Amino acid sequence: MKPFPTIDGHNDTLLKLHLEEHSSDRLFLNETSVGHIDLPRARKGMLSAGFFAIFCPNPSGSMLPDFEEYMNENGYDFPLPSAVDYDYCHHMTNAMVAQLYHLQTKSNGVLKVVKSAEELENLVHKETLGAILHFEGAESIDRDLNALHVYYQAGLRSLGLVWSRPNIFAEGVPYRYPSTPDIGFGLTEPGKKLVQECNKLGIMIDLSHLNEKGFWDVNELSDAPLVATHSNAHTICPISRNLTDKQLDAIAGSNGVVGVTYAVNMLRPDGKLDTDTSLEMIVKHIDYIASRIGIEHVSLGSDFDGTTIPDALGDVTGVPKVIKLLKDRGYSDNALRKLTSENWIRVLKATWK
Ligand SMILES: [Zn+2]
């Protein structure tokens with residue numbers, strides 16, 4: 001089988017490294033069994049580039065409340081974590097951006113922060129691992145958007161308006177199953193300005209985690225293709241974080257893309273956090289989205305190092321197994337190239353200035 005280098009829509013590796021501050025170089029530059037991504041495992045898994053998210057967890061530490069506590073026989077409903085403070089998040093974000101560039105230096109350029117679509121296109125099939133700087137939630141951006149311009153200069157090329165908690169720009173969906181994503185208000189006035197400023201600068205807007213009213217506001221306002229970096233099909237797994245058919249259609253209509261995520265609770269029809277989930281479930285979401293809106297609009301968006309993935313996948317080195325399953329199912333090389341890299345390159349060429 002021909003290798004298919006992949007561009008991946010979402011990982012939380014920088015947060016994992018940030019939390020292990022004192023061993024971050026070792027955990028990234030050497031092969032370990034900690035989490036899902038390090039440089040040697042990325043090479044083995046044919047990861048060519050990825051959106052490296054910066055995310056500021058609530059100061060209380062844990063990202064989500066105890067899963068079991070909110071489970072009932074029908075599903076679960078986690079309350080939204082409270083908003084986080086700008087100063088707190090700005091400070092943490094700066095530390096993580098600095099860490100990314102530190103790792104670029106330490107890797108002797110094997111890790112490279114990617115700032116243009118040409119750079120991205122050139123490094124597919126090379127030994128370099130491209131890092132697209134992404135913020136998961138705009139809490140480190142001030143209302144006047146000055147920080148947006150500063151971070152753009154520092155390499156920011158993708159921004160999720162929210163994670164699953166509110167901020168001054170928008171509201172995210174809580175983790176609720178089963179549930180529609182239509183929870184809460186649309187974009188605030190500063191949120192609308194933020195979308196327009198991202199368009200002007202050429203920063204991609206990520207719709208994963210945004211609630212449905214916010215999604216339609218971005219659809220109305222943005223002149224760029226619509227993108228959800230790590231979300232699946234709501235028809236298969238009806239969790240609030242997944243995309244309804246109508247949303248999928250809008251993404252296709254804008255010539256955008258969906259990155260299919262490996263989060264087990266977003267793959268499984270029963271929404272359970274069960275790692276005994278087959279790789280066929282990933283294939284099912286890809287099949288569904290591709291048959292509804294076309295292979296041009298589906299891509300990969302793992303959420304490595306940020307979520308619970310199938311045991312059968314293990315880590316980034318398991319991705320070629322998914323590609324093999326798709327190949328066995330009859331996906332052509334051409335279709336697989338679109339899925340693994342070309343769709344992201346097309347969307348980023350149209351979005352980045
Ligand atoms: Zn996420």
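Residues numbered from 1 in each chain as written. Predicted model: local features only at pLDDT ≥ 70, side-chain atom pairs only at ≥ 80, totals over all residues. Heavy atoms only, no water.

(A) Examining the side chain of Asp12 more closely. Tracing the chain through its elements places Asp12 in the loop between strand E1 (6–11) and helix H1 (13–19). Of the side chains with opposite charge, Arg241 lies nearest to the buried Asp12, which makes no salt bridge, at 8.4 Å. A polar contact is formed between the side chain of Asp12 and the side chain of His10, at a distance of 3.3 Å. For Asp12, the contacting residues outside a window of four places in its chain are Ala53, Phe55, Glu136, Asp303, Phe304, Asp305 and Gly306. (Helix = DSSP H or I, 4+ residues; strand = E, 2+ residues; numbered from the N terminus. Buried < 20%, exposed > 50% of the residue type's maximum accessible area, 1.4 Å probe, protein only. Lys, Arg positive; Asp, Glu negative; His and termini not counted. Salt bridge = Lys/Arg side-chain N within 4 Å of Asp/Glu carboxyl O. Polar contact = N/O pair within 3.5 Å; in protein donor to acceptor, adjacent residues only side chain to side chain. Contact = heavy atoms within 4.5 Å.)

(B) How the structure looks around the state of the cysteines. The final tally for this structure, using the stated rule, is 1 disulfide. Here Cys56 pairs with Cys89 through a disulfide, and the sulfurs are 2.5 Å apart. Taking the torsion about the S-S bond as the criterion, the Cys56 to Cys89 disulfide, at about 90°, is right-handed. Within this pair, whereas Cys56 is found in the loop between strand E2 (47–54) and strand E3 (76–77), its partner Cys89 is found in helix H4 (residues 86–106), the two being separated by 33 residues in sequence. Distance from the sulfur of Cys198, which forms no disulfide, to the nearest cysteine sulfur (Cys89) is 15 Å. (Disulfide = S-S within 2.5 Å.)

(C) Main features of the pairing of strand E5 (residues 129–136). Summarising burial for E5: 8 of the 8 residues are buried, a large majority. Burial along E5 is two-sided: the face carrying Leu129, Ala131, Leu133 and Phe135 and the face carrying Gly130, Ile132, His134 and Glu136 are both buried. Inspection of the sheet shows E2 paired to E5 by 6 bridges, in the parallel sense. When the bridges of E5 are listed, Ala53 appears paired with His134. Bridge count between strand E4 (residues 111–113) and E5: 3 bridges; the pairing is parallel. In the sheet register, Lys112 faces E5, and the bridge partner there is Gly130. In this view, the connection linking E4 to its parallel neighbour E5 by way of helix H5 (residues 117–123) has right-handed handedness. The sheet contact formed by E5 and strand E6 (residues 156–160) spans 4 bridges and is parallel. (Pairing = 2+ DSSP bridges. Right-handed = clockwise from strand over helix to strand, strands pointing away.)

(D) Examining the pairing of strand E10 (residues 257–260) more closely. Where burial is concerned, the two faces of E10 agree: the one with Val257 and Gly259 and the one with Val258 and Val260 are both buried. Where strand E9 (residues 227–228) meets E10, 2 bridges bridge the pair, whose relative direction is parallel. Residue pairing for E10: Val227 is matched across the bridge by Val257. You can see the chain leave E9, run along helix H9 (residues 245–253) and come back into E10, and the turn it takes is right-handed. In the sheet, E10 pairs with strand E11 (residues 298–300) via 3 bridges, with the strands oriented parallel. Residue pairing in the sheet places Val258 in a bridge with Val298 of E11.

(E) Broad picture of the packing of helix H8 (residues 212–221) against H9. Contact geometry of H8 with H9 gives a least axis separation of 11 Å together with a crossing angle of 20°. The angle between H8 and H9 places the two elements in the roughly parallel class. Both H8 and H9 take part in a crossing whose hand is left-handed. Packed against H8, whose contacting residues are Glu212, Phe215, Trp216 and Asn219, the element H9 presents Lys246, Gln247, Ala250 and Ile251 at the interface. (Axes fitted to C-alpha atoms, helices over the stretch in contact; angles between N-to-C directions. Parallel < 35°, antiparallel > 145°, perpendicular 65-115°, else oblique. Left-handed = near helix turned anticlockwise from the far one by under 90°.)

(F) Region of the structure containing the coordination of the zinc ion. At this site the zinc ion is bound by Glu136 (OE), His209 (NE2) and His230 (NE2), with donor distances of 2.0 to 2.2 Å. Coordination of the zinc ion draws on donor residues from a single chain, spaced E-x72-H-x20-H in sequence. Taken together, the residues Glu136 in strand E5 and His209 in the loop between strand E8 (204–206) and H8 connect sequence positions 73 residues apart. Accessibility assignment for this pair places Glu136 and His209 in one class, buried. (Donors = N, O, S within 2.8 Å, 3.2 Å for Na, K, Ca; no water.)

(G) Structural context of the side chain of Asn211. Within the secondary structure layout, Asn211 lies in the loop between E8 and H8. With near-sequence residues (within four places) excluded, Asn211 lies in contact with Glu171, Gly172, Val173, Pro181, Ile183, Gly184 and Phe185.

(H) Inspection of the packing of aromatic side chains at higher detail. For the structure shown, the criterion picks out 7 aromatic pairs. Following the ring pairs from residue to residue traces out a cluster consisting of Tyr76, Phe78 and Tyr177. It is Arg157 that lies over the ring of Tyr152; its NZ or CZ is 3.9 Å from the centre. The side chain of Lys246 reaches across the aromatic face of Trp216, ending 5.2 Å from its centre. (Phe/Tyr/Trp six-rings, centres within 6.5 Å; stacked < 30°, edge-to-face > 60°. Lys NZ or Arg CZ within 6 Å of the ring centre and 35° of its normal.)

(I) View of the nonpolar core. Of all hydrophobic cores here, the largest spans 96 residues; its most connected members are Leu148, Leu161 and Leu194. Once you skip the residues sitting within four places of it in the chain, Leu148 turns out to touch Ile141, Leu156, Leu159, Leu194, Glu197, Cys198, Leu201 and Ile203. One finds Ile7, Ala49, Phe51 and Val227 within the second-largest nonpolar core, a separate group that totals 17 residues. (Core = buried A, V, L, I, M, F, W, Y, C linked by side-chain atoms within 4.5 Å.)

These values are about where atoms sit, not about what they do.
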